[in-house]
Amino acid sequence: MTNAAVHMEGQLHAHAHDAVASGAAHAKGQQHPIKLYLVVWGWLFVLSTCSFLVDYFGLHGYLRWSLILLFMVVKAGLIVAVFMHMAWERLALTYAILAPPVAVLVFVTIMVLESEYTHLLRVLFFAAPS
């Protein structure tokens, strides 16, 4: 055999050995400490309690809905990040999951602003004269 063939065979063997080693490490899986899950569960409990207290104290209007939506988004973020393991995923997968809800929020904001504009025009142009 020539030196090039021996060198190529050595490289193939080295790559095969690395693939087997990484496959064994991948098969074992990544273990997260149970403390992380318990802390997140505790935060979810606290946030749910705060959401309940918004209704208990009888808050009304924009403050009530702002607090409820804030608690909801924080709880959803914790669940997605830890329990669905998105905190440890690749950036492209994270963007694939997070980009659509952000786009929906942008479009909802545009619709809300447009609805106020349309309402104003209806009042100005179609209101009954006094």
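Taking an unreviewed UniProt entry as the reference, the chain is identified by name as Cytochrome C oxidase subunit IV belonging to Bradyrhizobium neotropicale. According to UniProt, the comment filed for the chain under the heading Subcellular location (unreviewed entry) is "Cell membrane".

Engineer: How would you explain the UniProt feature "transmembrane region" (unreviewed entry) in the chain if you had to name every residue and give the values?
Structural biologist: Those residues carrying the UniProt feature "transmembrane region" (unreviewed entry) are residues 36–59, 65–84 and 91–113 in this numbering. Annotated as residues 91–113, this span is 100% helix and 0% strand, and its ends, taken at the C-alpha atoms, are 32 Å apart.

Engineer: How would you sum up the confidence of the model for the chain? Please name residues and give values.
Structural biologist: Caution applies to low-pLDDT regions: their predicted coordinates should not be interpreted in detail. Residues with a pLDDT of 70 or more make up 75% of the chain, whose mean pLDDT is 79. By mean pLDDT, helix α1 (residues 3–28) is the weakest element of the chain at 51, and helix α2 (residues 34–56) is the strongest at 95. In this model, residues 19–26 is a region of pLDDT below 50 whose contacts with residues beyond four sequence positions or in other chains number zero contacts.

Engineer: Quick one: what's the story with helix α4 (residues 91–126), residue by residue and with numbers?
Structural biologist: Its 36 residues place the ends of α4 51 Å apart at the C-alpha level, agreeing with the 52 Å of an ideal helix rising 1.5 Å per residue. When the local axis directions of α4 are compared, the greatest deviation, roughly 30°, occurs at leucine 98, which is followed within four positions by the proline proline 100.

Engineer: Outline helix α3 (residues 61–83), listing residues and values.
Structural biologist: The terminal C-alpha atoms of α3 lie 33 Å apart, and with 23 residues this matches the ideal 33 Å at 1.5 Å per residue to within 8%. Buried-residue contacts for α3 involve α2. Where α3 ends, the next residue or the one after it, histidine 85, has phi of about 60°, a positive value.

Engineer: Could you give me a rundown of the layout of surface pockets, with the residues and numbers involved?
Structural biologist: Looking at the largest pocket, its volume works out to about 250 Å³. Along its surface, the largest pocket is lined by Met72, Val73, Ala76, Gly77, Val80, Ile97, Leu98, Pro101, Val102 and Leu105. Secondary structure elements with two or more residues in the lining of the largest pocket: α3 and α4. Its residues placed into classes, the lining of the largest pocket shows nine nonpolar, one polar and no charged.

Engineer: Would you mind going over the packing of aromatic side chains in detail, with residue names and values included?
Structural biologist: According to the stated counting rule, one finds four aromatic pairs in the structure shown. Geometrically, the ring pair formed by tryptophan 41 and phenylalanine 45 is stacked, given 6.1 Å between the ring centres and 15° between the ring planes. Taken together, the positions of tryptophan 41 and phenylalanine 45, both in helix α2 and four residues apart, correspond to about one turn of that helix. Assigned by exposure class, tryptophan 41 and phenylalanine 45 land together as exposed. Three or more aromatic residues joined by ring pairs make a cluster, and in this case those are Phe52, Tyr56 and Phe57. The ring of tryptophan 65 has arginine 64 sitting right over it, with the charged end atom 5.0 Å from the ring centre.

Engineer: Which residues make up the packing of α2 against α3, and what values do they have?
Structural biologist: Across the interface, α2 lies against α3 with an axial gap of 10 Å and an inter-helix angle of 165°. Our classification of the angle between α2 and α3 gives roughly antiparallel. Two packed elements cross with a definite hand, and for α2 against α3 that hand is left-handed. On α3, the residues touching Leu36, Tyr37, Val40, Trp43, Leu44, Leu47, Ser48, Cys50, Ser51, Val54 and Asp55 of α2 are Arg64, Leu67, Ile68, Phe71, Val74, Lys75, Leu78, Ile79, Val82 and Phe83. Looking at the contact of α2 with α3, its residues break down into 16 nonpolar, two polar and three charged.

Each value, and the rule that gives it
- Residues numbered from 1 in each chain as written.
- Predicted model: local features only at pLDDT ≥ 70, side-chain atom pairs only at ≥ 80, totals over all residues.
- Heavy atoms only, no water.
- UniProt positions renumbered as here; feature names shortened; annotations may be inferred.
- Helix = DSSP H or I, 4+ residues; strand = E, 2+ residues; numbered from the N terminus.
- pLDDT = per-residue confidence, 0-100.
- Contact = heavy atoms within 4.5 Å.
- Expected span 1.5 Å × (residues − 1).
- Bend = angle between axes of the 7 residues up to and from the residue.
- 1 Å grid on protein atoms, 1.4 Å probe; cavity = no way out; pocket = protein on both sides within 12 Å on 5 of 7 lines; lining within 4 Å.
- Points joined across faces, edges and corners; volume = space filled by probe spheres on them.
- Nonpolar A, V, L, I, M, F, W, Y, C, P; charged D, E, K, R; others polar.
- Phe/Tyr/Trp six-rings, centres within 6.5 Å; stacked < 30°, edge-to-face > 60°.
- Buried < 20%, exposed > 50% of the residue type's maximum accessible area, 1.4 Å probe, protein only.
- Lys NZ or Arg CZ within 6 Å of the ring centre and 35° of its normal.
- Axes fitted to C-alpha atoms, helices over the stretch in contact; angles between N-to-C directions.
- Parallel < 35°, antiparallel > 145°, perpendicular 65-115°, else oblique.
- Left-handed = near helix turned anticlockwise from the far one by under 90°.

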